[in-house]
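Observations on the three-dimensional arrangement
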Amino acid sequence: MIIRETMLKKILLAIVVFGFSYSIALSQEQRELDKEVKVRTTYQPKINKALRLGKLPVIKDTSTFTPSFDYFIQAKPLNVGFSPAEIPAAKIVGEPLKKLNSHTLTLAGGNYSTLLGDYRFNNQRSKTADIGVHLRHYSSNGKLKLEDDDKVKPDYTEQLAEVYGTAYLDEGKLSGKLFYKHSGFNYFGFPQLGDIEGTTTNLFPYDKQKLNNFGLNALYQSNFKDEEQLNFGLGLQYEHFSDDIDAKENDILISGNARIRRGDAFWSLRSEFDYFAIDGLNHWEDSNWVSERKTLKWSLNPQYLLQTGNFNLQLGVNAVLATGDDSETKLFPDVKIDFEAIDGIMSLFAGLNGDLKMNRYKDIVEENRFIYSGLNVLPSNVKYKLFGGIRGSMSSNSSFTLKAEYSAIDNQYFLIQNNILIPQGMTISGVPYSNKFGVVYDDVNVFRLGAELTIGWTEKLELNSSVWYNNYSMDELGEAWHMPEFEMQVNAVYSFTDDLTFNSGVNMIGERSTLLVRYDLTKVEKLEAVYDLNVGANYSVNEHFSAFAQVNNLFADKYYQWDGYPSQGLNFLLGIKVNL
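Residues numbered from 1 in each chain as written. Predicted model: local features only at pLDDT ≥ 70, side-chain atom pairs only at ≥ 80, totals over all residues. Heavy atoms only, no water.

A look at the overall build of the protein chain
The following threshold applies: Numbering of helices and strands runs from the N terminus, with a helix taken as a DSSP run of H or I at least four residues long and a strand as a DSSP run of E at least two residues long. Surface accessibility in these figures is a Shrake-Rupley result with a 1.4 Å probe; residues are shielded only by whichever protein chains are displayed.
Within the protein chain, the secondary structure is distributed over two helices and 30 strands. Accessible surface, the protein chain as shown: approximately 37700 Å² in total, 57% of it carbon and sulfur.

What follows is the structure in structure tokens.
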């Protein structure tokens, strides 16, 4: 029993020592074993496991290969259980073309014995040609009070007849017009012959005048859709103008234009030959009495127009050669720049140009019919006109323009009453008299500021307005005679219903200085500002018949457009219009 207990103790002790040694061996498995272990028991040698490095051999092979794959994806649609409904195409209901009325007749009458008749004919819609006829009569009489309270009859009558048409060709159009215009009036302005004290001599002994204007013109203009193909136009115009005293003017104008695109730019050329001859002049120049004037003006205007995105640039020159009685050679710039600063909202523009204005007799009569017969006005040289401004849109139906101009003009004419120059050596018995207009000249710089505004308040109300401020810097003359410092126009149209429309407007012209020149008197006067308010209405009974009314100078202001010649006070016109 004792021996067994002793052996059992030794076995347990050996097991404990072996377990302890094994745990130490495991913790130092990564170390190299070089130690002695003394065990107080019977020695039993044991070999531990060798250390495995775990490194694989590297094999370098001289042969290589590129793997390749063949694969495919078999798509399977996902069934979402939803089918979108088809949207039907929108249908646009086209409005039928309105029927054109070939005949339009307007008849009206008013105070001052005013009569108006106007007839127009136009053919129905056609893809090949448009033809029209226009006949018009207007006359006004009555009485006006002059500065000395005398009452006079400012008779005026006008008749117009014209035929016009356009033929549409495959790649262009041919248009033309034939017209005749006649007007008659009297020189009713102050002073009258009886207002001149003492013995008087009427330098222009006529109190009535008649004007006749006959003309025809023709123009061919190509219209190729391919802009890289040369588009061109050729025009011919002839006019004969005469008064009932002595003056006669014939004018022949030949014009041409060409335009072609190259890349992003256009090249264009315009040219005109304008020959005019005037007989029956009353003009004293360089100790000679001038009774005729013949001039040929040739202008040549090449241009280069570049269009790139929001930027447009025009570069050109205007060369002018005048031969004959008005011999001049001029070269003017012709430059324009337009930049769209904000797309569809605001654009900036600027330019520089000039021209030689020939001031033909017909042009001066159209400006002021109260000039004396045979007045000769010398050419004006617009050396340059510099302009710039802003153009923009406030909405789809509202727009504005702000503009500034500065011009330098040599030999600019100004109309004054009774500018009677007595040639040296010519004697006139008594005091020379005339209530007709002549001209004086000066070199002038003109500065203008203007604004134009169009507002569509609603679909029924529309407003248009313009205002200009003018400043004239004279070289010799004291004032720019008959030229206003301020001008304004405002017009409004209101559609009360589809059948009833109202309109109103106001015209304002600032004060103007005038110079009264007589044989023994020179006097500076002021013409009062003009405020002309007008209102009107138009009512359509049906598509064939309408009635209208127009009232001008609603405040009955007595104002003068030209010195000594008052305008009508409150005047109205009532009429009907028939469309068939």
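As for a nonpolar patch on the surface
Threshold: Each patch groups residues whose relative accessible area exceeds 30% and which form no salt bridge, using 9 Å between like charges and 5 Å between nonpolar side chains of Val, Leu, Ile, Met, Phe, Trp and Tyr. When a carboxyl oxygen of Asp or Glu lies within 4 Å of a side-chain nitrogen of Lys or Arg, that pair is called a salt bridge. Only protein chains enter the accessibility calculation, which uses a 1.4 Å probe; a residue is then buried when its area is under 20% of its type maximum, exposed when over 50%, and partly exposed in between.
A contiguous nonpolar surface patch, about 800 Å² in accessible area, is contributed by Leu236, Ile252, Ile254, Leu269, Phe273, Tyr275, Leu296, Trp298, Leu300 and Leu321. Mapped by element, the contributors of at least two residues to the nonpolar patch are strand S11 (248-262), strand S12 (265-285) and strand S13 (288-308). Within the element layout of this structure, Trp298 appears in strand S13. Owing to a relative accessible area of 32%, Trp298 belongs among the partly exposed residues under this scheme.

Concerning the side chain of Asp442
We count it as follows: Neither His nor the chain ends contribute to the count of charged residues, in which Lys and Arg are positive and Asp and Glu negative. Under the rule applied, a polar contact is a pair of N or O atoms within 3.5 Å (in protein, one hydrogen donor and one hydrogen acceptor; residues adjacent in sequence only if both atoms are side-chain atoms). Contacts are residue-level and defined by heavy atoms, with any inter-residue pair within 4.5 Å sufficient.
Here Asp442 shows up in strand S20 (residues 437-456). For the buried residue Asp442, which engages in no salt bridge, the nearest side chain bearing the opposite charge is Lys383, 11 Å off. A polar contact of 3.1 Å, which involves the side chain of Asp442, links it to the backbone nitrogen of Asp475. Contact partners of Asp442, with chain neighbours within four places excluded, come to Ile409, Asp410, Asn411, Gln412, Phe414, Met474, Asp475, Glu476 and Leu477.

Quick notes on the pattern of salt bridges
Counted according to the given criterion, the structure contains 18 salt bridges. Close ionic contact of Glu239 with Lys362 constitutes a salt bridge, the shortest N to O distance being 3.6 Å. Remark: Lys362 occurs in helix H2 (residues 361-367) and Glu239 occurs in strand S10 (residues 231-243); sequence separation between them is 123 residues. Side by side, Glu239 and Lys362 carry an identical accessibility label, which is buried. With a shortest N-O distance of 3.8 Å, Glu405 and Arg448 are connected by a salt bridge. Here Glu405 is found in strand S18 (residues 398-417), whereas its partner Arg448 is found in strand S20, with 43 residues between them in sequence. Taking the relative accessible area as the measure of exposure, Glu405 reaches 9% and is therefore buried. What makes Arg448 partly exposed here is its relative accessible area of 22%. Look at the salt bridges and you will find they share partners, linking Asp118, Arg120, Arg136 and Glu158 into a network.

Describing the side chain of Thr104
As for its position among the elements, Thr104 is in strand S1 (residues 103-110). Within the structure, Thr104 has its side chain in polar contact with the side chain of Asn579 (distance 3.2 Å). Once residues lying within four places of it in the same chain are set aside, the contact partners of Thr104 are Asp118, Tyr119, Arg120, Lys577, Val578 and Asn579.

Side note on a positive patch on the surface
Worth spelling out the cut-off: The atom standing in for a charge is NZ when the residue is Lys, CZ when it is Arg, CG when it is Asp and CD when it is Glu.
Together, Lys143, Lys145, Lys151, Lys153, Lys208, Lys210 and Lys558 make up a positively charged patch on the protein surface. The residue Lys145 is located in strand S4 (residues 144-145) in this model. For Lys145, a relative accessible area of 41% gives the class partly exposed.

A look at the confidence of the model for the protein chain
Which entries qualify depends on this criterion: Scored between 0 and 100, pLDDT is the confidence that the predictor attaches to each residue.
Averaged over all residues, the pLDDT of the protein chain is 85; the fraction at 70 or higher stands at 79%. In this model, residues 20-35 is a region of pLDDT below 50 whose contacts with residues beyond four sequence positions or in other chains number three contacts. This stretch, residues 61-65, has a pLDDT under 50; its non-local contacts, to residues over four places away or in other chains, come to zero contacts.

Concerning the packing of aromatic side chains
Two measures describe an aromatic ring pair: the distance that separates the ring centres and the angle between the ring planes. Counted only if it meets this: Only Phe, Tyr and Trp rings are paired, with Trp represented by its six-membered ring, and only when their centres lie within 6.5 Å; those with planes under 30 degrees apart are stacked, over 60 edge-to-face, the remainder tilted.
All told, the structure shown has 19 aromatic pairs when counted by the stated rule. Judged by centre distance (6.1 Å) and plane angle (40°), the ring pair of Phe437 and Tyr565 falls under tilted. Taken together, the positions of Phe437 in strand S20 and Tyr565 in strand S29 (residues 565-566) put the pair 128 residues apart, joining distant regions of the chain. The class of Phe437 is buried, set by a relative accessible area of 0%. Classification of Tyr565 by relative accessible area gives buried; the value is 3%.

Comments concerning the nonpolar core
Quick reminder of the rule: Nonpolar cores are built from buried Ala, Val, Leu, Ile, Met, Phe, Trp, Tyr and Cys residues. Side-chain atoms within 4.5 Å join them into one set.
Ranked by size, the top nonpolar core spans 37 residues in total, and within it Phe188, Tyr361, Phe370, Ile371, Leu375 and Phe437 carry the most contacts. Those elements giving two or more residues to this core turn out to be S12, strand S14 (311-324), H2, S18 and S20. Contact partners of Phe370, with chain neighbours within four places excluded, come to Phe185, Asn186, Tyr187, Phe188, Lys436, Phe437, Trp562 and Tyr565. Membership of the second largest hydrophobic core comes to 11 residues, among which are Phe414, Val440, Val444 and Ala480.

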